[in-house]
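# Descriptive analysis of the structure
One-letter residues, chain by chain:
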Amino acid sequence: MSPNEKSNPPQPDPAASPEPAEGRTTDQELARAEKLKKLVAAGVDPFPHKIERTHAAADVAAEFGARSKEDLEAAKPRVRVPGRILSVRQMGRATFFHISDGRVKIQVYIREDAVGREAYERFFLFDIGDWIAVEGTLFRTRTGELTVMVESFQFVAKCHRPLPEKWHGLQDVEIRYRRRYLDLIMNPEAAAVFRLRSAVVAYLRRYFDERGYIEVETPMMQAVPGGALARPFVTHHNALDTDLYLRVAPELYLKRLVVGGMERVYEINRSFRNEGIDAEHNPEFTMLEFYQAYSDYNDMMDLTEDLLGGLVRDLLGGDAFPYGDDVISVKRPFQRLKFRDALERYGGLDARAFDDRAGVIRLGEEMAPDKKPLTYGRALDVIFDKRVKRHLVQPTFLINPPKEVSPLAKAALGSTDEAARFELFVSGMELANAFSELTDPVEQRLRFEQQAGERAKGDDESHPIDLDYVQALEYGLPPTGGEGIGVDRLAMLLGNRRNIREVILFPLLRPRE
RNA sequence: GGGCCGUUAGCUCAGUGGUAGAGCACCGGCCUUUUAAGCCGGGUGUCGCUGGUUCGAGCCCAGCACGGCUCACCA
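Residues numbered from 1 in each chain as written. Chains lettered and ligands numbered in written order. Predicted model: local features only at pLDDT ≥ 70, side-chain atom pairs only at ≥ 80, totals over all residues. Heavy atoms only, no water.

All right, on to the nonpolar core then. One recurring pattern in soluble globular proteins: nonpolar side chains tend to sit buried together. Phe208, Leu288, Phe290, Phe422 and Leu424 are the most contacted members of the largest nonpolar core, which has 46 residues in total. Setting aside residues up to four positions removed in sequence, Phe208 forms contacts with Tyr213, Tyr266, Leu288, Phe290, Leu303 and Leu307. One finds Val44, Val60, Phe64 and Phe126 within the second-largest nonpolar core, a separate group that totals 29 residues. (Core = buried A, V, L, I, M, F, W, Y, C linked by side-chain atoms within 4.5 Å. Buried < 20%, exposed > 50% of the residue type's maximum accessible area, 1.4 Å probe, protein only. Contact = heavy atoms within 4.5 Å.)

It is worth spelling out the environment of Pro188 at this point. Within the fold, Pro188 resides in helix H8 (residues 188-210). For Pro188, a relative accessible area of 52% translates into the label exposed. Sequence separation between Pro188 and Val104 is 84 residues, and the spatial gap between their C-alpha atoms is 8.7 Å. (Helix = DSSP H or I, 4+ residues; strand = E, 2+ residues; numbered from the N terminus.)

Below, the discussion takes up the packing of aromatic side chains. A complete count under the given rule lists 20 aromatic pairs for this structure. One aromatic cluster is present, built from ring pairs that chain together Phe97, Tyr120, Phe123, Phe124, Phe126, Phe153 and Phe155. Looking at Arg211, its charged tip hangs above the ring of Tyr207, at a distance of 3.6 Å from the centre. Above the plane of the ring of Tyr376 lies Arg357, whose end atom (NZ or CZ) is 3.9 Å from the centre. (Phe/Tyr/Trp six-rings, centres within 6.5 Å; stacked < 30°, edge-to-face > 60°. Lys NZ or Arg CZ within 6 Å of the ring centre and 35° of its normal.)

Take the pattern of salt bridges next. Taken as a whole and judged by the stated rule, the model has 38 salt bridges. With a shortest N-O distance of 3.6 Å, Asp101 and Arg103 are connected by a salt bridge. A salt bridge links Glu210 to Arg211; its shortest N-O distance comes to 3.9 Å. The structure contains a network of salt bridges with shared partners spanning Glu210, Arg211, Asp302, Glu305, Asp306, Arg332 and Arg336. (Salt bridge = Lys/Arg side-chain N within 4 Å of Asp/Glu carboxyl O.)

Okay, the sheet that holds strand S9 (residues 242-246) next. Spatial ordering of the open sheet is given by S7-S9-S8, a layout of 3 strands whose pairing is antiparallel. Only two strands of the sheet have a single partner each, and these edge strands are strand S7 (221-222) and strand S8 (234-237). Across 4 bridges, S8 lies against S9 in antiparallel orientation. Each bridged residue has a counterpart across the sheet, and for His236 the counterpart in S9 is Asp243. (Pairing = 2+ DSSP bridges.)

Following both chains from N to C, one finds helix H9 (residues 251-259) and helix H16 (residues 467-474) inclined at 25°, their axes separated by 9 Å at the closest point. Considered as vectors, H9 and H16 are oriented roughly parallel to each other. Where H9 crosses over H16, the two elements pack in a sense that is left-handed. Where H9 approaches H16, its residues Leu252, Lys255, Arg256 and Val259 are matched on the opposing element by Asp468, Tyr469 and Ala472. (Axes fitted to C-alpha atoms, helices over the stretch in contact; angles between N-to-C directions. Parallel < 35°, antiparallel > 145°, perpendicular 65-115°, else oblique. Left-handed = near helix turned anticlockwise from the far one by under 90°.)

Mean pLDDT for chain A: 91, with 94% of residues reaching 70 or above. With pLDDT under 50 throughout, residues 1-7 is counted as low confidence; its partners more than four residues away or in other chains account for 1 contact. Here the prediction assigns the complex a pTM of 0.92, and the interface score ipTM is 0.90. (pLDDT = per-residue confidence, 0-100.)

Here it is in structure tokens:
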């Protein structure tokens, strides 16, 4: 067969409306496809390879936002700026519209007498939602709004589907989460939260980098899912024919690195916990963990105050910020409250009740019948969760919880049943968890075995035995302070969002269909 | 997993057992500094799905799906 006889492969119609991903094609989608066809017929490339621009919309605002009307009229600055059309106001032979780069909206003015009749009519083959690049000079309207006077414009990309309503934005939370791009287009305050989150993470990295910490990445797929008391996700490696777990925490690997001489390490990345989903929990979430040799949990408290104070000052200004109905102050020092004192103050346990171990267990089991049988320490933890947590609104270091629920922490100095550990609570939410790391390999092994004993009694939240980790400790871990901070929750606080899904771009939802 | 609530046009939402509605968007007109532009005309729909009750169901009942809140769970 000669090349000439080869039939051309079928070419897609570049202006065709995409098959609807779900449901039927609506009248509005058909109208949009028709307009694109006309543009293509007029010679427009529906999928241009590159768009030249001088400014993003945000650049225009930043560079010219302060220039006066007279100044702009004299200078006539030229810009070529792309953006998505968000609204159109046509008045006969002149039209105003707004384009956005996802951060800033810029008004554009197009007049038939400036661009010519043909181009002016071509503009009406664009729809709200389409991407356009406009070139022209900047001026201010009667009302003072910075505006591009169009001299020419270029098609950038088609929006085949109508955008949500311009005034109310996109309200349906399910669509907001499933199709986050629509949320980002329509709800600028939602987009702003994710920019804030990015700034939070950048600050954290800067903070630790400047203090001599090494950023590392440790396994997310682990043979023993340790470092926290949580149910893991299971997966399977085919070539090795072995089950692996998605990590519930990076902790044990980070401490192995300290054994290896990396005396200051941190990691910011995802962990996975196969638990319920609610306003404070997403199955995959981002944790900052950091470890510092030659330190203890008191040093971690100092560091935490410094870190959060600086973060709030840097990103929000000042040392307090609104969260829901509260104003959270990160002024040093944070309240320090012993676990036992917290239970006495808010949990209705006086000293005598505290010492009545059977009574405590009974109370805990009444509050959490699913968790029976409870140990003393577990029961205290339950009572804390139910009664105390919600009272800890201002940043509070909750110090020395039961050793029993802290299998990776040293015992508190001078105590046999309390851990050298704190949890930081803000607005009733656990934000951080830190301890003086347990460095004794013999005791670590014992603690693991105790946990295994509880596991055997049906407790699937106990810590699994990790003998490989014990072996690492046998090579010597210097005194080390370590801490984990929930980055999503930190973003919730600074962004004043009550739901973790507002700070996770694509939160886990049940798959559709 | 339990309880409560929601699901109606592309979006935001009304809807009282008896012809399916509004605003925005869209379509056709008018309009050269508007900005939730305005004015005139047009309703474009699998009322989440499946059954049931009824002469008749968006509405009442049951089941299911998805979502929200909440409780449970949860470092």
